[in-house]
Amino acid sequence: MEVANAVVMAQRLLRPKLVTAILVVDATAGNGNDTLFLADNTPNTTVVWAFDIQTQALTKTQELLTNHELDYKVHLVLDSHAHIPKYINQPVDAAMFNLGYLPGGDHAISTSSDTTIQAIAQTLQLLAADGLVTIAAYPGYEHGRLELQAVHEYLTSLSQKMFTVACWSMVNQKNSPPVLYVIEKIRSEQLEGSTSLKD
Ligand code: SAH
């Protein structure tokens with residue numbers, strides 16, 4: 001396997017999970033690349049939810065999906081991922097977060113620590129046993145560096161009885177390349193009745 005950047009690694013790690021996925025989430029639709037990836041690598045009956053707070057992002061995403069005839073399985077939501085439970089009340093098999101700002105868009109409209117962590121926590125509450133969440137974080141600019149720090153701190157506090165949390169990055173690249181976090185929910189029969197995310 002060729003060593004790849006955080007975004008490509010996220011897709012590689014998710015692909016086997018997607019084969020049996022019933023419901024998956026793109027928490028940051030952006031230009032739609034991850035939404036398309038999720039729609040393209042899941043069965044026809046899988047439902048894909050994609051969130052973004054910018055109309056521009058959802059328009060791009062819609063266009064991409066239509067061009068690939070995959071829009072029939074995707075719900076696009078113009079709302080913050082901090083409101084995921086307003087839309088989804090079923091187990092989530094896989095979720096992707098690609099943090100930061102929209103490439104080619106307004107750099108001031110970026111994901112931010114508080115809502116990102118709120119959305120991650122809610123996704124983890126909804127996550128199916130054996131479900132996976134990937135988070136690509138961008139430490140190459142100040143806001144992104146602080147967001148990564150906050151996300152890292154939050155993830156290190158998660159119960160190891162409930163979640164396996166791993167981290168991937170290129171260590172010899174200049175300009176602080178993106179960092180990938182992968183969270184896997186441990187199967188319920190191994191949990192012994194634990195419900196708190198932080199036990
Ligand atoms: N940094 C990545 C792309 C990230 S796009 C890259 O370089 O490829 C991130 C998307 O998240 C943007 O389109 C932005 O509008 C969206 N976003 C920001 N805050 C959000 C929120 N609270 N809920 C949902 N989407 C959000």
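Below is a short write-up of the structure.

About the criteria used
Residues numbered from 1 in each chain as written. Predicted model: local features only at pLDDT ≥ 70, side-chain atom pairs only at ≥ 80, totals over all residues. Heavy atoms only, no water. Near = heavy atom within 4 Å. Polar contact = N/O pair within 3.5 Å; in protein donor to acceptor, adjacent residues only side chain to side chain. Areas by Shrake-Rupley, 256 points an atom, 1.4 Å probe, with all protein chains shown as cover. Nonpolar A, V, L, I, M, F, W, Y, C, P; charged D, E, K, R; others polar. Core = buried A, V, L, I, M, F, W, Y, C linked by side-chain atoms within 4.5 Å. Buried < 20%, exposed > 50% of the residue type's maximum accessible area, 1.4 Å probe, protein only. Helix = DSSP H or I, 4+ residues; strand = E, 2+ residues; numbered from the N terminus. Expected span 1.5 Å × (residues − 1). Contact = heavy atoms within 4.5 Å. Arc of directions from axis to C-beta. Phe/Tyr/Trp six-rings, centres within 6.5 Å; stacked < 30°, edge-to-face > 60°.

**Here's the deal with the site of the ligand**
Contacts to the ligand come from 19 residues, most closely from Asp52, Gln54, Ser80, His81 and Leu99. Interatomic distance of 2.8 Å between a side-chain N/O atom of Gln54 and an oxygen atom of the ligand. At 2.9 Å from a nitrogen atom of the ligand is found a main-chain nitrogen or oxygen belonging to His81. Here the ligand loses 88% of its free accessible area of 580 Å² to cover by the protein chains. Residues belonging to the shell around the ligand are distributed by class as follows: eight nonpolar, nine polar and two charged.

**Quick word on the nonpolar core**
Grouped together as the largest cluster of nonpolar side chains are 33 residues, with contacts concentrated most on Val25, Ile88, Ile120, Leu124, Ile135, Tyr154 and Leu155. Within the residue set of this core, elements represented by two or more residues are strand E1 (23–26), strand E2 (47–52), strand E4 (92–98), helix H5 (113–126), strand E5 (127–137), helix H6 (142–156) and strand E7 (179–185). At six residues, the largest contribution of residues to this core is made by H5.

**A closer look at unusual backbone geometry**
Even without being a glycine, Asp130 presents a positive backbone phi close to 75 degrees. Tracing the chain through its elements places Asp130 in strand E5. Of the residues examined, Asp130 reaches a relative accessible area of 25% and is grouped as partly exposed. The backbone of Asn175 shows a phi angle near 60 degrees, a positive value even though the residue is not glycine.

**Examining helix H1 (residues 6–18)**
The first and last C-alpha atoms of H1 sit 18 Å apart over 13 residues, in line with the 18 Å expected at 1.5 Å per residue. Listing the buried residues of H1 in full gives Ala6, Met9, Ala10, Gln11, Leu14, Lys17 and Leu18. Of the surrounding elements, those touching the buried residues of H1 are E1, helix H2 (33–40), E4, E5, strand E6 (163–169) and E7. Its side-chain oxygen 3.0 Å from the backbone nitrogen of Val7, Asn5 forms the N-cap of H1.

**Section: the environment of Val7**
Mapped onto the fold, Val7 is located in helix H1. Here Val7 falls in the partly exposed class, since its relative accessible area comes to 25%. When the C-alpha atoms of Val7 and Ala27 are compared, they prove to be 14 Å apart, with 20 residues separating the residues in sequence.

**Observations regarding helix H3 (residues 55–67)**
Note that an α-helix has 3.6 residues per turn; residues three or four places apart therefore point the same way. If you check H3, its first and last C-alpha atoms are 18 Å apart, about what 13 residues at 1.5 Å a residue would give, namely 18 Å. Turning to H3, its buried residues are Ala57, Leu58, Thr61 and Leu65. The buried side chains of H3 occupy one side of the element, clustering within an arc of 90 degrees when seen end-on. Exposed positions of H3 whose direction lies more than 90 degrees from the buried face are Thr55 and Asn67. The inward-facing, buried residues of H3 contact H2, E2 and strand E3 (74–78). Just beyond H3, the residue with positive phi is Glu69, at close to 55 degrees.

**Details of the packing of aromatic side chains**
Applying the stated criterion across every chain yields a total of three aromatic pairs. Relative to Tyr87, the ring of Phe51 lies with its centre 5.6 Å away and its plane at 70 degrees, an arrangement referred to as edge-to-face. Of this pair, Phe51 sits in strand E2 while Tyr87 sits in helix H4 (residues 84–87), and the two are 36 residues apart along the sequence. The interplanar angle of 70 degrees and the centroid separation of 5.2 Å between the aromatic rings of Tyr101 and Tyr141 together place this pair among those described as edge-to-face. Linking Tyr101 in the loop between E4 and H5 with Tyr141 in the loop between E5 and H6, this pair joins segments that are 40 residues apart in sequence. Here the aromatic residues Trp49, Phe51 and Tyr87 are joined through ring pairs into a cluster of three or more.

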